[in-house]
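Chain and residue survey
The chain contents come next:
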Amino acid sequence: MDEKQDNVAAVPGDGSAPVLNDADDGALTKLHINYKKALRAQTTIIALPFVIAALFVEEADILPKGLVVIPIALLALAAIIRLPGRRHFARGFAMSTDRLRVVRGILFHSDTIVPFGRVQHIDVDQGPLERFYGIATLTLHTAGTQNSSVNLPGLEHALAMDMREEIRSHIKRESI
Amino acid sequence: MIGQEAHDQPDSAKPQGDAMHTDPKSLAVQTLSGLKNAVFPVIAVYFATSSTGSLAIIAAICTGALLIGIGAFSTYLRWRKFTYSVNAEDIRVESGILSRTARSVPFERIQDVSLEQSLVLRLFGLVAVKFETGSGGGDDIALLYLSEAEGERLRELVRDRKDGASNANEVRASEVVGGDISAQMVPAGEESSVLFAMDNRRLFTFGLFEFSLAVFAVLAGLTQYVEWFVDFEIWDADLWRGLAEEQQGWLGGLSQVGQIVGALLGLIALFVVGSATGLARTYLRDWDFKLEETPRGFRRRRGLLTKTDVVMPAHRVQAIKIGTGLLRNRFGWRSLNFVSLAQDSGSANHTVAPFAQDAELAPVIEAAGFRPPDETLDWHRASKLYRTDSIILGSAIFVIAAIPVALFAPAGMVFIPIALAAIMAFANYYAWRFHRHAIDHTQIFASRGLFAPRTQIASRIKLHSVGLSQGPIAQRRGYATVRLGLAGGIFLIPGVPIERARQLRQQVIESIASTDFSQINH
């Protein structure tokens, strides 16, 4: 965490001159480990109704024993145990002097860069689960139709707030 | 925020900031347009009560009168409760009978102001004034309807306020802000040059290329109604067989030459109807098409019955699109569209030259601050792996379809899906050669299409973000779709080899990051 903070704090005053940028292809900063836990909790909440429904179907005795409940339970377990780790691993971000790079997706991979100079406004959101785990989602809005809002979940709340301040300081007084 | 105060003096006789109603004549227009809502209930009531004889007509008339009365009354209520006001920094609209809404749109957010006049509105001397904000979610303001003079006054006012807001730090001697506000449709005291116009001959040629058989679809739709109104089974085979047998003797009597001539006449009739439809639609939409360059931006006027008059500042043009058609491409006819945040009566782009030769397009493109592609460009094609994948994916559906056909359909039928698969594969293979992109130091180009090439050109600094996306196949095959964040449009370059995609992104990001949003003057 601290390492990132330093990276952010080391930004020179004017973001106008494009300095070094290994941010575009270089190493990514991983998201907070609590993001994995939050994903797991979220998946559990989503999977639970399906498992319960499968149990009811099982009770009804229409189909051979275990035909419904076993595959669904296995799927749910896989989604709860395996998936959050992989999703956490697939995500990452890199913030440099004048841009933010957000990488996400296992199957459908996307890698987006938003220059601070094009950010219209910034949100920091915290759902109930995120609040429990002390993390937050940072959302950058641009005027482009593609990637009009870029989400970066799984940041430690304080870091998200710092990043917001940092990015905001780069947005010159807007005059659309 | 910045110095609108300087421009705060009223620009015309009307006091500022007062809540104003739309023109009372719009009550008549809205009630008239509400009439068509009453037609179907009246017919329904008539048929429902038709067993009661003459009472049916009375019931129908009463229903009609009631509906029209309710419509007129609610129109009146809405008109009473709808007010707009022009303030120092924004335009406000308050509306709603039971629940009130107040919307404020700051002048800086207004992308453009469009005036629209349909035939009915023209009879009443009214215009629909729409303020486009480019928010996409329908958050715009529409004033239905104002008198022509008031519409023009508002438009001038918005432009002046905007200039006052954004040019506070610039000195523009040539352009006197808050100058002559006349009530005419043409603002006085502004020199303008015509960039592109279409005369009658051009319009005629254009109309021929707009050949459309849509009228037959409409006719087919109408027959449904015919069937409903008249007790006549149009799809009843027996009826037609009977008719055909009646005619048989007559048809059979004709020689073979006669039958061929008949078929030819049918084709000619089809061609005539299709061309007439195309001509009519083109004449209605693009009559007196004129694109001018004024100090305030591009001004486009067109329309025969519904006249539109749109002004768009040149710096708002985010990207341009050059398109063409299968046949017109052979004759060098192209269309030019501007992509901006504002909407053009439903479509996302502004058509600025619907039917022109390259030489005519060049000055328009340059006026918008773009350059047409030239020979020096270093075009890159999509990945060859992408070509292979699109050939396979494109044909797969037909190959899959061939399986049940081979199993169940009569022998020989299986060649149809196989042939389609082959055509698809060949088209994808060949189209790949026309699927390319290029970048120079200010612009990014993408072009695709085999018979009707479409080219999109965006200004590098006017982009908002750059993303690379890869589906499951693309990840394994090492190519990506470059997604450029373009305000008001979509700019995708699919199938770019990953190394090249990264390089493109790097270049574009450098140009974006070197200029702040506030400097690019949206």
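Just so you know, these numbers come straight off a predicted model, no measurement behind them. (Residues numbered from 1 in each chain as written. Chains lettered and ligands numbered in written order. Predicted model: local features only at pLDDT ≥ 70, side-chain atom pairs only at ≥ 80, totals over all residues. Heavy atoms only, no water.)

Focus: the confidence of the model for chain A
Detailed conclusions should not be drawn from predicted coordinates in areas where pLDDT is low. Confidence in the prediction of chain A, expressed as mean pLDDT, is 80, and 83% of residues score 70 or more. Low pLDDT (under 50) marks residues 1–22 of chain A, which in the prediction has 29 contacts with non-local residues, meaning those over four places away or in another chain. (pLDDT = per-residue confidence, 0-100. Contact = heavy atoms within 4.5 Å.)

Structural notes on the sheet that holds strand E6 (residues 149–156) of chain A
Residues and elements named next belong to chain A. Spatially, E4-E5-E6 is the arrangement adopted by the three strands of the open sheet, whose pairing is antiparallel. In the strand order of this sheet, the two ends are held by strand E4 (119–125) and E6, each with one partner. The mean angle between the axes of side-by-side strands here comes to 20 degrees, regardless of whether they run parallel or antiparallel. Pairing of E4 with strand E5 (residues 135–142), which is carried by six bridges, proceeds in the antiparallel orientation. Paired with Val-119 across the bridge in E5 is Thr-142. The strands touched by helix H6 (residues 157–170) are E4, E5 and E6; relative to E6, the strand with the most contacts, the crossing angle is about 140 degrees. (Pairing = 2+ DSSP bridges. Helix = DSSP H or I, 4+ residues; strand = E, 2+ residues; numbered from the N terminus. Axes fitted to C-alpha atoms, helices over the stretch in contact; angles between N-to-C directions.)

What about the packing of helix H5 (residues 200–209) of chain B against helix H8 (residues 256–286) of chain B?
Residue and element names in this part refer to chain B. Interhelical geometry of H5 versus H8 gives an angle of 135 degrees and a closest axis separation of 7 Å. Classified by the interaxial angle, the pair formed by H5 and H8 is oblique. Between H5 and H8 lies a crossing whose hand is right-handed. The residues of H8 that touch H5, namely those facing Asn-200, Leu-203, Phe-204, Phe-206, Gly-207 and Leu-208, are Ser-275, Gly-278, Leu-279, Thr-282, Tyr-283, Arg-285 and Asp-286. For the contact of H5 with H8, a count of residues per class yields six nonpolar, five polar and two charged. (Parallel < 35°, antiparallel > 145°, perpendicular 65-115°, else oblique. Left-handed = near helix turned anticlockwise from the far one by under 90°. Nonpolar A, V, L, I, M, F, W, Y, C, P; charged D, E, K, R; others polar.)

Side note on the side chain of Arg-299 of chain B
Residues and elements named next belong to chain B. Structurally, Arg-299 is set in strand E9 (residues 297–302). The class for Arg-299 is buried, based on a relative accessible area of 6%. Separated by 2.7 Å, the side chains of Arg-299 and Asp-309 make a polar contact. (Buried < 20%, exposed > 50% of the residue type's maximum accessible area, 1.4 Å probe, protein only. Polar contact = N/O pair within 3.5 Å; in protein donor to acceptor, adjacent residues only side chain to side chain.)

A few points about helix H3 (residues 69–81) of chain A
For H3 of chain A, spanning 13 residues, the distance from its first C-alpha to its last is 18 Å, which sits close to the expected 18 Å at 1.5 Å a residue. Here the buried face of H3 of chain A lies against helix H2 (33–60) and helix H4 (83–90) of chain A. (Expected span 1.5 Å × (residues − 1).)

Structural notes on the pattern of salt bridges
Residue and element names in this part refer to chain B. In this structure the tally under the stated criterion is 22 salt bridges over all chains. Across the pair Glu-210 and Arg-328 runs a salt bridge, and its minimum N-O distance is 2.9 Å. Pair noted here: Glu-210 is in the loop between H5 and helix H6 (214–229) and Arg-328 is in the loop between strand E11 (319–323) and strand E12 (334–344), with a separation of 118 residues, a long-range link. Side by side, Glu-210 and Arg-328 carry an identical accessibility label, which is buried. Note that Arg-371 and Asp-440 form a salt bridge whose closest N and O atoms lie 3.0 Å from each other. Highlighted residues: Arg-371 in the loop between helix H9 (358–367) and strand E14 (380–381) and Asp-440 in the loop between strand E15 (436–439) and strand E16 (443–448), separated in sequence by 69 residues. In this structure Asp-440 comes out as buried when scored by relative accessible area, which is 14%. Look at the salt bridges and you will find they share partners, linking Glu-210, Arg-285, Asp-286, Arg-302 and Arg-328 into a network. (Salt bridge = Lys/Arg side-chain N within 4 Å of Asp/Glu carboxyl O.)

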